[in-house]
Amino acid sequence: MSDSKLSRRDFVKLSAVTGGGAALSTSSLQRIAPFARQNYTRLTANHWGVFTAEVKNGKFVRAVPFARDVQPSAMLQAMPGRAYSETRVRYPMVRASFLKNGHKADRSLRGKEKFVRVSWDQALDLVASEIKRVKAGTGNKSIFTGSYGWHDTGAINNPRTLLTRMMKKYGGSVGGLGDYSTAASQVIMPHVLGTLEVYEQQTSWDSILANTKLVVLWGADLLKTNQIGWAPADHYAYEGVSRLRKSGIEVICINPLRTETAKTLKAEWVAVRPQTDVALMLGMAHTLYQQGKYSKDFIENYTVGFDQFLGYLTGKTDGVPKNAEWAAKITDIPAKKITELALKMADKRTMLMSGWAVQRAQHGEQVHWMLVTLASMIGQIGLPGGGFGLSYHYDNGGSLTAKAPALSGISSGELVGAAWPAQDTKNIPVARAAEMLLNPGATFNYNGKAYTYPDIHLVYWAGGNPMHHHYDRNRVVKAWRSKPETIIIQDPFWTATAKMADIVLPASTTFEREDITQVGSYSQKMILVMQKVIDPLYESKSDYWIFSEISKRLGFGKEFTEGRSEAQWVEFLYNDAKKQADAQKIPMPPFDEFSKKGYVEFAPEADAKNFVRFADFRKDPEANPLGTPSGKIEIYSQTIEGFHYASCPPHPTWMEPAEWLGAAKAEQYPLQLLSPHPAHRLHSQLDNTAFRQTYEVAGREPITLHPADASARGIKSGDVVRVFNDRGQALAGAVVSDEVRRGAVVFHEGGWYDPADHSDNPLCKHGDVNTLTLDIGTSDLAQGGSANTALVQLERYKGTPPAVTAFNNPV
Ligand SMILES: Nc1nc2c(c(=O)[nH]1)N[C@H]1C(S)=C(S)[C@@H](COP(=O)(O)OP(=O)(O)OC[C@H]3O[C@@H](n4cnc5c(=O)[nH]c(N)nc54)[C@H](O)[C@@H]3O)O[C@H]1N2
Ligand SMILES: Nc1nc2c(c(=O)[nH]1)N[C@H]1C(S)=C(S)[C@@H](COP(=O)(O)OP(=O)(O)OC[C@H]3O[C@@H](n4cnc5c(=O)[nH]c(N)nc54)[C@H](O)[C@@H]3O)O[C@H]1N2
Ligand SMILES: [Mo]
């Protein structure tokens, strides 16, 4: 989609800032250790896609996208700047008083004091002795290695897996359960559909283009979020969206924000009030029921529990019919429009494409449950181009799946030793991490069982940035400054998390080591060697090297590495995949040939273009039942009924969230805070490059607000504003635009945290949205994070805004 508005605008803006070249200053270049003055190229890949790294005079200067990438991400231009960022952690570092007093050091000084450079031997000895000490004292269950995060790609250097592998060989540790992305849906969907559903291949784009008459983007921004993938992105979705634009197929965007995807596709914009999608869907479902326009055949043959749901829908059980008029009051969409939308969707072949922000909110479980219920009433699930899809916006869902072997990674391994009693409570839902640290011994519910939070004494985080990703920053900081005795961070950069640690281990970036990866989480179209581009900068080391060295000190170095170097693992994993391929008659060259070329490509399966999700179930639900207790779609779940959770009733239900525009609290904090994912970063990653100059406003993270909300506060575009609520406060740069609905503000996640002082409620000078979010679980069922359940107020910042120091190193 090389002609899309998004890409053209980005490339123009970018070349103005970077001159089309590398995003780094000459001064930073000069400080880098001298390399051989060599010119060469290397093929590699990371979350952003496949590219060739150009090296000039020993320096990585440019990432040139893979020739057949239909829409490379503009963010590729930030790659050299990522490698040479001034924020690189250059050496192993230890917090001054921790070096002196060990775990007895004053924890409240975290983030306040200097770090001292130590040798690798000293750092590794210290880490190993801390792990030994805690294990001997309070046991493996007081070591937290949840270590959630979007570290880079690679089957070998997956720091979270390597950390788990190391700790399993040492008797175990407390890990993280689920993710921040889809926590609510991935727990409820197995009850409803028998699959996680959020990570499933979607009905193909070809099927959509040939059959669909109406595409609904339900809180999904395909052009923005498909730039990156968990495995390197193949960008197939851009071809899909490009063809969709030319096809003339009708597109509707239901979103408080008019997205780039909506604009590119000239979609009708339905600016729903945030967090009220369940009410909107109920209003539509009521319309279809009342007018007899729903598929009785589908409901009867493919679902269970519609009758029990009906009592709620019609108001028989609670006296409140969930009709279009009822929904209009909650959603701020006129009843006529709700009726019209419902009838249109039932009338045409419709694909409901939903993103995930809708479920990253309190009661987030209900949204996709209600979407599946609505799609069931429309009755097109399993038909070409019809039904719903929860991953068109992610990992390029809807691409063509190749006939390819699975590339495995180094495994997290088997638990060794009896230190960890056999029980299933050792992992904590990832978004409950601060809660766990603050409330050891407290019980919580999760998916039908009650658990107890362990008492954590040591935290080891490698490849994630909790001081970006976790909600309610002041609360996380409080947890870190009060509870754990030891905090170890392993990252290439001085993130806010690293600044708040005791021991900081400098990981190299993927450009500085060799690895292997599959390309395209769904398409699986290639296996590729991530060739090393440059030598490790400063004293940084690969994650594999670091964990191997610590394992050695813990007494099981050989068991950890299985005697293989990273290069030997690349060959081993390739040959393992080749064994599967040979058995399936999929052509794969011998390793030497592969490693010379750099990649092997796999052809799409013969019928990939015709793939329709749920087609088999549709054809014969008895022969191909779903993995639910009934084998059918569960509109009412007896399993969930048995849990007796007020926060997650047994059928889709509209429940008011703790903070929304209809809450009493909206009088004090009248703006709903949305924190979607940034178009020009991967979470907090790349913010520490010159690339941020392409989106920053007044040197801060932008916040977008409606002209009426802006003028009521005397705010214009370019102003520095203070965003605040009872939990926190942050500065941001105002963007006034009627592309966000009134009453909502858009403040992307991932702006680097930059506290102005060491108080309990410091002003973030740069714009970390999680200073303002609410740290509560989605419900007792999934305990996901509730990013989008937050109200704020906003004012023009008076006086001279303080200088941003987020990208300064603490040494
Ligand atoms: N308000 C709000 N908050 C959110 C969200 C939201 O929608 N709103 N979304 C949530 C979601 S869905 C997610 S997935 C999380 C993301 O949260 P994170 O995944 O924690 O965010 P990243 O910024 O990607 O952090 C990855 C870290 O890994 C480091 N890293 C990169 N490569 C390597 C490597 O090779 N080795 C090591 N050791 N480290 C490496 C990076 O420098 C970075 O610090 O954020 C969540 N937070
Ligand atoms: N460029 C880029 N791409 C990414 C990422 C990134 O950081 N940067 N992160 C990756 C990761 S880890 C994940 S989990 C996915 C996230 O994928 P998503 O969760 O789908 O992405 P978001 O941007 O949070 O939200 C998508 C849309 O939902 C809308 N929305 C918010 N609240 C509501 C609401 O109440 N109702 C409706 N109808 N719409 C609403 C937002 O305005 C936004 O346009 O993206 C992945 N892709
Ligand atoms: Mo995510």
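Residues numbered from 1 in each chain as written. Chains lettered and ligands numbered in written order. Predicted model: local features only at pLDDT ≥ 70, side-chain atom pairs only at ≥ 80, totals over all residues. Heavy atoms only, no water.

Attention now moves to the site of ligand 1. Taken together, 36 residues sit near ligand 1, with Trp 150, His 469, Asp 491, Arg 513 and Ser 684 positioned nearest. Asp 152 places a polar main-chain atom, nitrogen or oxygen, 3.3 Å from a nitrogen atom of ligand 1. At 2.8 Å, a side-chain N or O of Asp 543 approaches a nitrogen atom of ligand 1. Judged by its atoms lying within 2 Å of the grid points, ligand 1 is housed in the second largest cavity. Tallied by class, the residues present in the shell around ligand 1 amount to eleven nonpolar, 18 polar and seven charged. Per-domain counts for the shell around ligand 1 show at least three residues from each of domain 2 (93–180 + 406–601) and domain 4 (664–796). (Near = heavy atom within 4 Å. Polar contact = N/O pair within 3.5 Å; in protein donor to acceptor, adjacent residues only side chain to side chain. 1 Å grid on protein atoms, 1.4 Å probe; cavity = no way out; pocket = protein on both sides within 12 Å on 5 of 7 lines; lining within 4 Å. Sits in = over half its atoms within 2 Å of the grid points. Nonpolar A, V, L, I, M, F, W, Y, C, P; charged D, E, K, R; others polar. Domains from an automatic or database assignment.)

Across soluble globular proteins, nonpolar side chains have a tendency to be buried as a group. Of all hydrophobic cores here, the largest spans 148 residues; its most connected members are Phe 60, Trp 218, Met 345, Phe 388 and Trp 480. Among the elements that line this core, the one with the most residues is helix H17 (residues 365–378), at nine residues. Here Trp 480 is in contact with Arg 110, Leu 437, Trp 461, Pro 466, Met 467, Ile 487, Ile 489, Thr 497 and Met 500, once residues within four sequence places are set aside. Grouped together as the second largest cluster of nonpolar side chains are 52 residues, Val 134, Ile 143, Phe 556 and Phe 594 included. (Core = buried A, V, L, I, M, F, W, Y, C linked by side-chain atoms within 4.5 Å. Buried < 20%, exposed > 50% of the residue type's maximum accessible area, 1.4 Å probe, protein only. Helix = DSSP H or I, 4+ residues; strand = E, 2+ residues; numbered from the N terminus. Contact = heavy atoms within 4.5 Å.)

Under the local residue numbering, the UniProt record ascribes the feature "domain: Molybdopterin oxidoreductase N-terminal" (unreviewed entry) to residues 44–84. Across residues 44–84, the secondary structure splits into 12% helix and 44% strand, with the terminal C-alpha atoms separated by 17 Å. (UniProt positions renumbered as here; feature names shortened; annotations may be inferred.)

Counting buried residues along helix H20 (residues 473–482), seven of its ten residues qualify, which places the element largely inside the surrounding structure. Three or more residues of H20 are buried, namely Arg 473, Asn 474, Val 476, Val 477, Ala 479, Trp 480 and Arg 481. Buried-residue contacts for H20 involve helix H18 (433–438), strand E17 (458–462), helix H19 (466–469), strand E18 (486–491) and helix H21 (496–499).

Before going further, it helps to spend a moment on empty space enclosed by the protein. Summed over the entire model, instances satisfying the criterion amount to eight cavities of 30 Å³ or more. Of the voids in this model, the largest cavity is the one considered here, and its volume is about 780 Å³. Broken down by secondary-structure element, the contributors of at least two residues to the lining of the largest cavity are helix H9 (222–225), helix H12 (277–290) and H17. Residues of the lining of the largest cavity, tallied by class, amount to 23 nonpolar, 17 polar and six charged. Domain assignment of the residues forming the lining of the largest cavity places at least three in each of domain 3 (202–398) and domain 4 (664–796). Here the second largest cavity defines a volume of roughly 560 Å³. Gly 149, Trp 150, Asn 465, His 683 and Gln 685 are the residues nearest the centre of the second largest cavity, which is lined by 38 residues in total. Residue assignment for the lining of the second largest cavity shows that the elements contributing at least two residues are H19 and E18. Along the lines of polarity and charge, the residues of the lining of the second largest cavity split into eleven nonpolar, 20 polar and seven charged. There are two domains that each give the lining of the second largest cavity at least three residues, and those are domain 2 (93–180 + 406–601) and domain 4 (664–796). (Points joined across faces, edges and corners; volume = space filled by probe spheres on them.)

Looking now at the packing of H12 against helix H14 (residues 306–314). Direction vectors running N to C along H12 and H14 enclose 105 degrees, while the axes themselves pass 11 Å from each other. Our classification of the angle between H12 and H14 gives roughly perpendicular. Facing Leu 282, Ala 285, His 286 and Tyr 289 of H12, the residues of H14 in contact are Phe 306, Phe 309, Leu 310, Tyr 312, Leu 313 and Thr 314. Here the residues of the contact of H12 with H14 sort into eight nonpolar, two polar and no charged. (Axes fitted to C-alpha atoms, helices over the stretch in contact; angles between N-to-C directions. Parallel < 35°, antiparallel > 145°, perpendicular 65-115°, else oblique.)

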